[in-house]
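What the coordinates show
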2 protein chains.
Amino acid sequence: MSTSYFVVPVATHNTLVEKAFAHRGFNQKECQAAAQFSAYASWHGIRTHNAIKAIHLDHLFGSEVGGCRPNATIEKKNTRFSACEVWDANFKLGQATAYEAMDAAVALAEKYGVGMVSVDNAFHYLWGGGYVMDVAKKGYIAYTNCTAAVTEVVPHGGKYPTLGTNPHSWGFPTMDAVGFPIVVDWATSVIAMGRVQQFQRENKPLPPKSAVDADGQETTDANRVKALLPFGAHKGYGLSLINELVAAFIGGSLPTIRCRPDPTLENEKQAPCFFFQVIHPEALSTGVFAKGRSQKENIKAVIGDILGHGNEKCLLPGQMEADAARLSEANGGLLFTEAEMTAFAEMASESNVGPWNLGDFKKIEV
Amino acid sequence: MSTSYFVVPVATHNTLVEKAFAHRGFNQKECQAAAQFSAYASWHGIRTHNAIKAIHLDHLFGSEVGGCRPNATIEKKNTRFSACEVWDANFKLGQATAYEAMDAAVALAEKYGVGMVSVDNAFHYLWGGGYVMDVAKKGYIAYTNCTAAVTEVVPHGGKYPTLGTNPHSWGFPTMDAVGFPIVVDWATSVIAMGRVQQFQRENKPLPPKSAVDADGQETTDANRVKALLPFGAHKGYGLSLINELVAAFIGGSLPTIRCRPDPTLENEKQAPCFFFQVIHPEALSTGVFAKGRSQKENIKAVIGDILGHGNEKCLLPGQMEADAARLSEANGGLLFTEAEMTAFAEMASESNVGPWNLGDFKKIEV
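Residue positions are given per chain, counted from 1 along the sequence in the order it is written. Think of it this way: whatever chain is written first is A, whatever ligand is written first is 1, and the rest follow in order. Per-residue local features are limited, in this predicted model, to residues with pLDDT of at least 70; the limit for side-chain atom pairs, both in listing and counting, is 80 or more; totals at the level of whole chains, interfaces and linings are taken over all residues. Water and hydrogen atoms play no part in the side-chain values, which are based on all heavy atoms of the structure.

Focus: empty space enclosed by the protein
Which entries qualify depends on this criterion: Here a cavity denotes a set of grid points, spaced 1 Å apart and computed over the protein atoms alone, in which a 1.4 Å probe fits but from which it cannot get out, and a pocket denotes an open set meeting protein on both sides within 12 Å along at least five of seven lines; residues with an atom within 4 Å of a point are reported as lining. Grid points are joined across faces, edges and corners, and a volume is the space filled by probe spheres set on the points. Runs of H or I in DSSP of at least four residues are treated as helices and runs of E of at least two as strands, each being numbered from the N terminus. Side-chain classes follow a simple rule in which Ala, Val, Leu, Ile, Met, Phe, Trp, Tyr, Cys and Pro form the nonpolar group, Asp, Glu, Lys and Arg form the charged group, and the remainder, Gly included, forms the polar group.
Applying the stated rule across the entire model yields five cavities of 30 Å³ or more. As a volume, the largest cavity reaches approximately 430 Å³. What lines the largest cavity is a set of 26 residues, among which Tyr143, Trp170 and Gln277 of chain A together with Tyr143 and Gln277 of chain B lie closest to the centre. Broken down by secondary-structure element, the contributors of at least two residues to the lining of the largest cavity are strand S5 (141–146), strand S6 (168–172), helix H8 (234–250) and strand S10 (274–279) of chain A together with strand S5 (141–146), strand S6 (168–172), helix H8 (234–250) and strand S10 (274–279) of chain B. When grouped by side-chain class, the residues that make up the lining of the largest cavity number 21 nonpolar, five polar and no charged.

This is the structure:
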């Protein structure tokens, strides 16, 4: 079954998104970061974290309610540790903060082999996988995690959601080995809350062990879901906890009050944190690879072994995003469904941007 | 239902283990590392990776077959990256290598905020959780991963085991917050192969989605199991892949030929790799915590929030190990079952160590 898509040139998309963010008070550099990042996500087939979601997040948690502050200045804290930076983002737009943090981490990794940037008072950066993919394409190993805005996930063995969907993202410069960066990137819940709503609409059962009802009992009935479960039981719970612990070391807030503005919570902090780390691949290397291989050839040989022996149909993490990018490339733009195009038309109208007529765009079937 | 244990004083255990390793040709420092580490594992209730397992691994993959070389000298490679070290362990005993690597990473973290040690030509270090727990108790955030000796795990969507059970271990200095370090530590397979054998003996079905048969089809029949599956489908697969990629950057071997000595594999490497990273907690800190809390108080508040709201019965990762340590402390020694004591008696006999009579040890019921 094929799906119809409209093809939106990147420049057209970016002009709209920049204007939409400018309309909300963001400065030029922030608007460019927002547009560039959502184009990157859409280019790689990421439908859950595109420009529409970015505007939606800014509406719910961002500039409209004070969770994100247009034109904020990042304050770089003093630290005695030379391979690390610690920032107070002062609620700057997440995309602008994350790009700048990854650039700083790359510069540190160039010098020290590894570089870290920890960010307090952050605002949602949308899709961690995008930043690590971007840095991996520049030749580095990258990692990021963040604490989610709201708590939707129940700790293993518990009944009340006190954890976010707290994602982890790792990117590896494997372009020479497999043609694209391997990107391991996912939330620590089995499914996202958006998927629960989809199951509700479609009247379908959830996957087992993905959610609980009001009593903390597992349920596959989408209508009874009150909270999500971590993937892999105690293992995913541990991974989710890591984000909260790292954030707590940085200066992060109690999870259950994060991004739920409440004037009675005097002196409590209510923002997510980001953590970024970049490793220079040469800083790992002994320089001695079997059969005189280069480091890149060794990576190719190792991946070839893993995907050999009858495993040729396995996907590498990042493969689907690479395939989507090829499709975008082949069609000369970003692919959006009719529903998404309608949302863009609303964005154009709200932001006083010129016409966004669906008839002006090329249509394709995929 | 209670279990009977023999109580073995740490000094008695260590004398035996040191002599057993000395008998196999290891030098004094290696013997001490082997004894100290297995005592630490047993003290914390780790029954799968104790001294008996250490000797078993040395027999199968170690000094008896050339996979581990007693008295080996670690070669520290030149690197231009100041926060990183890269070692060729020359097949030194894993416990001695890992202790030394963590010490080096701590020294780097003291200076740079983060320190990394990458190790090629390594030999099994038994239980990654032990090293990160040890470093966390010293006040640092620690991480390690390694590539497993043999490939027992099928990549997501595949049919042939080309991945090891590749574990990850994170430790956090949360002693002031919860009384013990939080240690997130597990293999990336749903279960270990040892558990499959246990299910076989007990004639019980495996948990779903934990293993495949010879055709790569999921099976819960322990007798038909040919290979294991990663936990959390593509998510655990990605985590397992990370260890292989990091090892491939270091200088690691193809996974399927690792630790399977084969003279026809000319010039191929066949050893696992280790990766260690230590972060100084102050290198993450903005110094600004809500309500004037200290960093430690903030961590306590965050954990209190996660385990509040009806989640009071949830365990933190590391809790069970901390409980086991309290039990060891209360009984004044390491707790071993009769089967384990018999294995120790065999170890004493093989190593020409004096008598190991079960009657000489205190017995308790737990």
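Some remarks on the sheet that holds S6 of chain B
Residue and element names in this part refer to chain B. Short version of the rule: Only strands that DSSP links by at least two bridges are regarded as paired with each other.
Spatially, S2-S3-S4-S10-S5-S6-S7 is the arrangement adopted by the seven strands of the open sheet, whose pairing is mixed. Two strands bound the open sheet, and with one partner strand each, they are strand S2 (75–76) and strand S7 (182–186). One ladder, built from six bridges, connects strand S4 (residues 114–120) with S10; its direction is antiparallel. Its bridge partner lying in S10, Val114 is registered against Ile279.

Regarding the pattern of salt bridges
Inclusion rule: When a carboxyl oxygen of Asp or Glu is within 4 Å of a side-chain nitrogen of Lys or Arg, the pair counts as a salt bridge.
For the coordinates displayed, the defined rule picks out 34 salt bridges over all chains. Among the ionic contacts, a cluster of salt bridges with common partners joins Arg24, Asp58 and Glu64 of chain A.

Observations concerning the interface of chain A and chain B
This is how the line gets drawn: Two residues form a contact once any of their heavy atoms are found within 4.5 Å. Buried area is understood as the total, over both parts, of accessible area removed when two parts are fitted together, assessed with a 1.4 Å probe. Counted as a polar contact is a pair of N or O atoms within 3.5 Å, where, for protein atoms, one must be capable of donating a hydrogen and the other of accepting one, and residues adjacent in sequence contribute only when both atoms are in side chains.
Between chain A and chain B, the contact holds 95 residues from the first and 95 residues from the second. Between chain A and chain B, roughly 7400 Å² of surface is buried when both sides are summed, and carbon and sulfur atoms account for 68% of that area. When residues of chain A are sorted by the area they lose upon contact with chain B, Lys235, Phe249 and Leu284 of chain A head the list and together hold 11% of the total. Run the count over chain A and chain B and you get six salt bridges. Between Arg80 of chain A and Glu282 of chain B there is a salt bridge, and its shortest N-O distance comes to 2.6 Å. Linking chain A with chain B are 35 residue pairs in polar contact (both at pLDDT 80 or more), by the criterion used here. Elements that contribute at least two residues to the side of chain A that touches chain B include exactly strand S3 (84–88), helix H4 (94–112), strand S4 (114–120), S6, strand S7 (182–186), H8, S10 and helix H9 (295–306) of chain A. Sorting elements by how many residues they give to the side of chain A that touches chain B places H8 of chain A first, with 14 residues. Class assignment for the residues of the side of chain A that touches chain B results in 51 nonpolar, 29 polar and 15 charged.

Regarding the relation of the copies chain A and chain B
So the rule is basically this: Fitting of the copies onto one another was done by least squares over C-alpha atoms, counting residues only where both copies have pLDDT of at least 70.
Expressed as a screw transformation, the operator carrying chain A onto chain B has a rotation angle of 180 degrees and an axial translation of 0.0 Å, and the superposed copies differ by an RMSD of 0.0 Å. The operation mapping one copy onto its partner corresponds to a two-fold rotation axis. Across chain A, the rotation axis passes nearest the C-alpha of Gly232 of chain A, at a separation of 2.5 Å. The overlap is high: 100% of the interface residues of chain A also sit at the interface in chain B, so the same surface is used on both sides.

Some details on the sheet that holds strand S12 (residues 362–365) of chain A
Residue and element names in this part refer to chain A. The line we're drawing: Lines fitted to the C-alpha atoms define the axes, with helices restricted to the stretch that makes contact. Angles between their N-to-C directions range from 0 to 180 degrees.
Sheet architecture is open: three strands sit in the order S11-S1-S12, paired in antiparallel fashion. At either margin of the open sheet sits one strand with a lone partner, and together these are strand S11 (334–336) and S12. Across the sheet, the axes of successive neighbouring strands diverge by a mean angle of 40 degrees, strand direction being ignored. Across four bridges, the pairing between strand S1 (residues 4–8) and S12 is antiparallel.

Quick word on the pairing of S5 of chain A
Residue and element names in this part refer to chain A. What counts here: Only protein chains enter the area calculation, which uses a 1.4 Å probe; residues under 20% of their type maximum are buried, those over 50% are exposed, and those in between are partly exposed.
The buried fraction of S5 is high, at six of six residues. Of the two faces of S5, the one lined by Ile141, Tyr143 and Asn145 and the one lined by Ala142, Thr144 and Cys146 are each fully buried. As paired strands, S5 and S10 are joined by six bridges and run antiparallel to one another. In the strand pairing of S10, Ala142 is matched with Val278. Both S5 and S6 contribute to a ladder of four bridges, which runs antiparallel. Note that in S6 the partner of Tyr143 across the bridge is Trp170.

Here's the deal with unusual backbone geometry
Residue and element names in this part refer to chain A. Backbone geometry at Asn71 places phi at a positive 70 degrees, although glycine is not the residue there. The topology assignment puts Asn71 in the loop between helix H3 (51–60) and strand S2 (75–76). Here the phi dihedral of His309 falls at roughly 60 degrees; this positive angle occurs in a residue that is not glycine. Tracing the sequence through the fold places His309 in the loop between H9 and helix H10 (319–331).

Structural notes on the packing of aromatic side chains
Which entries qualify depends on this criterion: Any two of the Phe, Tyr and Trp rings considered here, Trp counted by its six-membered ring, make a pair once their centres fall within 6.5 Å; the pair's planes then place it as stacked at under 30 degrees, edge-to-face at over 60, or tilted in between.
Taken as a whole and judged by the stated rule, the model has 37 aromatic pairs over all chains. On the basis of an interplanar angle of 40 degrees and a centroid distance of 4.8 Å, the ring pair of Trp356 of chain A and Phe361 of chain A is categorised as tilted. Among the residues examined, Phe361 of chain A registers a relative accessible area of 13% and is labelled buried. Arranged with centres 4.4 Å apart and planes meeting at 25 degrees, the rings of Tyr125 of chain B and Phe274 of chain B form a pair that is stacked. Taken as a pair, Tyr125 of chain B in the loop between S4 and helix H5 (128–137) and Phe274 of chain B in strand S10 lie far apart in primary sequence, 149 residues in all.

Examining the confidence of the model for chain A
For clarity, the threshold we go by: Scored between 0 and 100, pLDDT is the confidence that the predictor attaches to each residue.
Residue-level pLDDT values for chain A average 96, and 100% of them are 70 or greater. Across the whole predicted complex the pTM is 0.97, and at the interface the ipTM reaches 0.97.

Things to note about H3 of chain A
Residues and elements named next belong to chain A. Spelled out, the test is: What the arc covers is the set of directions going from the helix axis to the C-beta atoms.
For H3, the complete set of buried residues consists of Ala51, Ala54, Ile55, Leu57 and Asp58. Seen along its axis, H3 keeps its buried residues to an arc of 160 degrees; they face one direction. Those residues of H3 that are buried lie in contact with helix H1 (10–23), helix H2 (28–43), H4 and helix H11 (338–350). Where H3 begins, the side chain of Asn50 points an oxygen toward the backbone nitrogen of Ile52, at a separation of 3.1 Å.

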